[in-house]
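# Working through the structure, step by step
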Amino acid sequence: MKKAVRQGVSLMAAVLVGSMSMFGGTTVFAEDNSTSMLEGTTVSAEDESNYIRFVNSGNERMDADGSFEFMFQDWVGSDHFTADGTSITITTTARMYVYTDTYYFDSSKYIYRLTLYKENGTFDKKIGYYEACGDGISGSERFVGIEKGEEYYFKLEVMKPYIDGTAYHFEGTGQVSNVTVI
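What this report covers is the structure whose coordinates are included nearby. (Residues numbered from 1 in each chain as written. Predicted model: local features only at pLDDT ≥ 70, side-chain atom pairs only at ≥ 80, totals over all residues. Heavy atoms only, no water.)

Here we come to the environment of D79. The residue D79 is located in the loop between strand 5 (75-77) and strand 6 (81-83) in this model. You can call D79 partly exposed: its relative accessible area is 25%. Along the chain, D79 and F154 lie 75 residues apart, while their C-alpha atoms are 7.8 Å from each other. (Helix = DSSP H or I, 4+ residues; strand = E, 2+ residues; numbered from the N terminus. Buried < 20%, exposed > 50% of the residue type's maximum accessible area, 1.4 Å probe, protein only.)

What follows is the structure, encoded as structure tokens:
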């Protein structure tokens, strides 16, 4: 009986090693495709459907100058930053991207919201928001009443129509000003 169990375990180990060799040799990368996260599978930023990637920044989500790129289908949050003054201005420009067919189109039918939050431990404080369309036209808001030196972040989310489960995504660029990236 013990011999049969050992042979069964040996067979399972052989199958596992064989399957690992079939899928081995690849690596999972973070959004910038430079940091190995897990041996065994390849996933690139292009495979992810929701992201905010801050331009020229390595693994961070925000450049030192506040520039960023984004793509999302439902919602996505930014990295945190510190206010350099009593106001923060955020500008975004988005277009609609059809993920399955890899083409863009402009539409005022699709609306997203950018909401700015102040980090506050368990319950973060909502500072304000603005809404914009996936029409290639910039949206911008100057948020006032900001506490200099305090930590903030923002969230992008679809407002209407709800597009989850479709191939449509918002894709665009933006800029956060008067902040220091944490």
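With that settled, consider the packing of aromatic side chains. Counted by the stated rule, this structure contains 15 aromatic pairs. Taking the centre distance of 6.3 Å and the plane angle of 45° together, the rings of F81 and F154 count as tilted. You can see F81 sitting in strand 6 and its partner F154 sitting in strand 12 (residues 151-160), a full 73 residues away along the chain. Summarising the aromatic geometry, the rings of Y97 and Y104 are spaced 4.8 Å apart at their centres and angled 40° between planes, so their arrangement reads as tilted. For Y97, a relative accessible area of 12% gives the class buried. A connected cluster of aromatic rings, assembled from ring pairs, spans F68, F70, F72, F81, Y112, F154 and F170. It is R113 that lies over the ring of Y129; its NZ or CZ is 3.8 Å from the centre. A cation over a ring is seen here: K155 above W75, with NZ or CZ 4.8 Å from the ring centre. (Phe/Tyr/Trp six-rings, centres within 6.5 Å; stacked < 30°, edge-to-face > 60°. Lys NZ or Arg CZ within 6 Å of the ring centre and 35° of its normal.)

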